[in-house]
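Residues per chain are reported as follows:
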Amino acid sequence: ALDTDDIPGVDVLLHSSVGDLTLSVHPFLDKIEAGNVSAVDDTNEEEDGTYRMVWPAGIYLAQYLTSPAAKVLLTNKTRCLELGSGMGVAGMGLIAALVRDNSTAHVALTDLPAAMPLLRANYGGNKDELLPGETATRIKVAVEEFAWGDPVALMLNNASEEKYDLLLCADVLYDPTKEVIDGLCTSINSLLNHDTGLILFSTRWRKNDEERVFFEQMEKMGYTFVIVDQLATELGGGSHATPDTSDASDGSQEEEEEPKAVAISRSALTWQEFGDDECEKNKAYFAGVTVKVNGKDVAVVDLTDEDFDDMDEEDFDDYEAMNIQIYAGYKNKI
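A.B. asks: Describe in detail the overall build of the chain, supporting the description with residues and values.
C.D. replies: Looking only at helices and strands, the chain has eleven helices and twelve strands in total. By sequence separation, contacts in the chain at least 24 residues apart represent 76% of the contacts at least 6 residues apart. A total accessible area of about 15800 Å² is found for the chain, and carbon and sulfur atoms account for 48% of it.

As structure tokens, then:
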């Protein structure tokens, strides 16, 4: 069995607009104190482990959702669902934002059956801080199984008159196979309220052209995805260029340092432009931004394998942030 003692948890500091709130999550059940959730051996070494990771785009989306910039996008969102919740960081960020805004809402955190025990435990471990006092009567949270493209689940949802007016997706394109993309597109189209619904899609670009297929397929289905700041500004909100939040820090017992605030910048590249080697805006962006390597500024376009080996954790987190975009999607009105 895998020794979980050497694997730390992760603390995610949310935006100060929701108060002094830090999410604490851990990839193994026996390290979580979550009410009546029993500690079990869930260290199956044959699993792919994706739901045990706190993905960078999930952290980023949680921090964005809890920032003042996102308030305008959350107005009147009463039925919300996260696809591929993993350990639930982005969904819990949404819950914190809805509490801040005095909203009344139903929030569903969903993932595959194998992820359920860990997702339930991590949500349970943060629930008391997320929903203090009477707020649990206004914000109803469910942790539910949902496999993308599952025909039975989609059939039941299509028969329901209650669709979702907010869908969250964070780092769901790390394995951009045709099966994954087809299931994700089908699920979004089935679950979303086509009149009022909004998709907040946070992605860490890796396999740019393969991941771009998702957006192209959604466009063919009648959807538009824009940089989230663009839609927020159009609706009377603001941008989120430099949040006052941290990325993530190890939550092990040996280290008691508080998560520290860092400034994160995002590009304004569209999904059509990001990572397109023929796009002048893309080339200019990556030639112009730098990351620290051994204390020196190196342009991202010039980074080598040795540079990545020499980066410290904080500098690598800065590099990760440069490759994260949050898009807002919606069904086009005909």
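Moving on from the model shown.
A.B. asks: Before we move on, can you summarise the environment of Val301 with the specific residues and values?
C.D. replies: Residue placement: Val301 occurs in the loop between β11 (296-299) and α10 (305-310). Judged by relative accessible area, which is 53%, Val301 ranks as exposed. Sequence separation between Val301 and Thr290 is eleven residues; the distance between their C-alpha atoms is 8.5 Å. Non-local contacts of Val301, meaning those with residues more than four positions away in its chain, are made with Phe286 and Ala287.

A.B. asks: Provide a residue-level description of the side chain of Asn126, including the pertinent values.
C.D. replies: When you line up the elements, Asn126 lands in helix α4 (residues 116-130). What makes Asn126 buried here is its relative accessible area of 3%. In this structure Asn126 touches Thr22, Leu23, Ser24, Val25 and Met92, once residues within four positions along its chain are discounted.

A.B. asks: Now, about the environment of Val228: what can you tell me, with residues and values included?
C.D. replies: For Val228, the location among the structural elements is in helix α8 (residues 228-234). Separated by 26 residues in sequence, Val228 and Ser202 place their C-alpha atoms 9.4 Å apart.

A.B. asks: If you had to explain helix α3 (residues 89-100) to someone new, which residues and values would you point to?
C.D. replies: Counted at 1.5 Å a residue, the expected span for α3 with its twelve residues is 16 Å, and the 17 Å between its end C-alpha atoms agrees. With twelve of twelve residues buried, α3 is to be regarded as a mostly interior element. Directly after α3, the chain includes Asn102, whose backbone phi takes a positive value near 55 degrees.

A.B. asks: An account of the nonpolar core is requested, with residue identities and associated values reported.
C.D. replies: If you look at the biggest cluster of nonpolar residues, it comprises 53 residues, and the most contacted ones within it are Leu94, Leu130 and Leu200. With nine residues, α3 is the largest single contributor of residues to this core. Those residues within four positions of Leu130 in sequence are excluded, and the remaining contacts are Leu21, Leu23, Met92, Ile95, Ala96, Val99 and Tyr123. One finds Met218, Tyr223, Leu269 and Trp271 within the second-largest nonpolar core, a separate group that totals 40 residues.

A.B. asks: Go over the packing of aromatic side chains with me, naming the residues and quoting the values.
C.D. replies: Overall, the coordinates contain 16 aromatic pairs when judged by the stated rule. An angle of 90 degrees between the planes, with centres 5.4 Å apart, marks the rings of Phe274 and Phe286 as edge-to-face. One end of the pair, Phe274, is in the loop between β9 (248-250) and α9 (280-288); the other, Phe286, is in helix α9, and twelve residues separate them in sequence. Both residues of the pair, Phe274 and Phe286, count as buried. For the ring pair Phe308 and Tyr319, a centre distance of 4.9 Å and an interplane angle of 75 degrees mean the geometry is edge-to-face. With Phe308 in helix α10 and Tyr319 in helix α11 (residues 313-322), this residue pair connects regions lying eleven residues apart in the sequence. On the accessibility criterion, Phe308 (28% relative accessible area) is partly exposed. Grouping aromatic residues by their ring pairs yields a cluster made of Phe201, Trp205, Phe214, Phe215, Phe225, Trp271, Phe274, Tyr285, Phe286 and Tyr327.

A.B. asks: Which residues make up the pattern of salt bridges, and what values do they have?
C.D. replies: This structure, assessed with the given rule, holds eight salt bridges. Among the ionic pairs, Asp101 bridges to Arg100, the shortest N-O distance being 2.7 Å. We classify Asp101 as partly exposed; its relative accessible area is 25%. Look at Arg100 and you get buried, because its relative accessible area is 17%. A salt bridge links Lys292 to Asp297; the nearest nitrogen and oxygen atoms lie 3.1 Å apart. Exposure remark for Lys292: the relative accessible area of 35% places this residue in the partly exposed category.

A.B. asks: So what about the environment of Val300? Which residues, and what values?
C.D. replies: Examined against the element boundaries, Val300 turns out to sit in the loop between β11 and α10. When the C-alpha positions of Val300 and Tyr285 are compared, they lie 9.1 Å apart, and in sequence the two are 15 residues distant. Once residues lying within four places of it in the same chain are set aside, the contact partners of Val300 are Phe286, Val289, Thr290, Tyr319 and Met322.

A.B. asks: Run through helix α6 (residues 178-191), naming residues and quoting values.
C.D. replies: Each full turn of the α-helix corresponds to 3.6 residues, which orients residues three or four apart in the same direction. With 14 residues, α6 extends 20 Å from end C-alpha to end C-alpha; this agrees with the ideal 20 Å at 1.5 Å per step. Taken together, the buried positions of α6 are occupied by Val180, Ile181, Gly183, Leu184, Cys185, Ser187, Ile188, Ser190 and Leu191.

Parameters and conventions
The numbers attached to residues start from 1 for each chain and follow its sequence in the written order. Since the coordinates come from a predicted model, pLDDT governs what is reported: local features require at least 70, and pairs of side-chain atoms require 80 or more to be given and counted, while whole-chain, interface and lining totals use all residues. Remark: hydrogens and water are excluded; side-chain values derive from all non-hydrogen atoms of the structure. Elements are defined by DSSP. Helices are runs of H or I of four residues or more, strands are runs of E of two residues or more, and each kind is numbered from the N terminus. Contact between two residues is taken to exist if any of their heavy atoms lie within 4.5 Å; hydrogens are not considered. In these tables, accessible area is a Shrake-Rupley quantity obtained with a 1.4 Å probe, and a residue counts as shielded only by the protein chains included in the view. Relative accessible area decides the class of each residue, using a 1.4 Å probe on protein chains only: under 20% of the type maximum gives buried, over 50% gives exposed, and in between gives partly exposed. Take the number of residues in a helix, subtract one, and multiply by 1.5 Å to get its expected span. Each nonpolar core is a collection of buried residues, namely Ala, Val, Leu, Ile, Met, Phe, Trp, Tyr and Cys, held together in the definition by side-chain atoms within 4.5 Å. Under the pairing criterion, centres of Phe, Tyr and Trp rings, with the six-membered ring standing for Trp, must be within 6.5 Å; the plane angle then separates stacked pairs below 30 degrees from edge-to-face pairs above 60, leaving the rest tilted. A pairing counts as a salt bridge when a side-chain nitrogen of Lys or Arg comes within 4 Å of a carboxyl oxygen of Asp or Glu.

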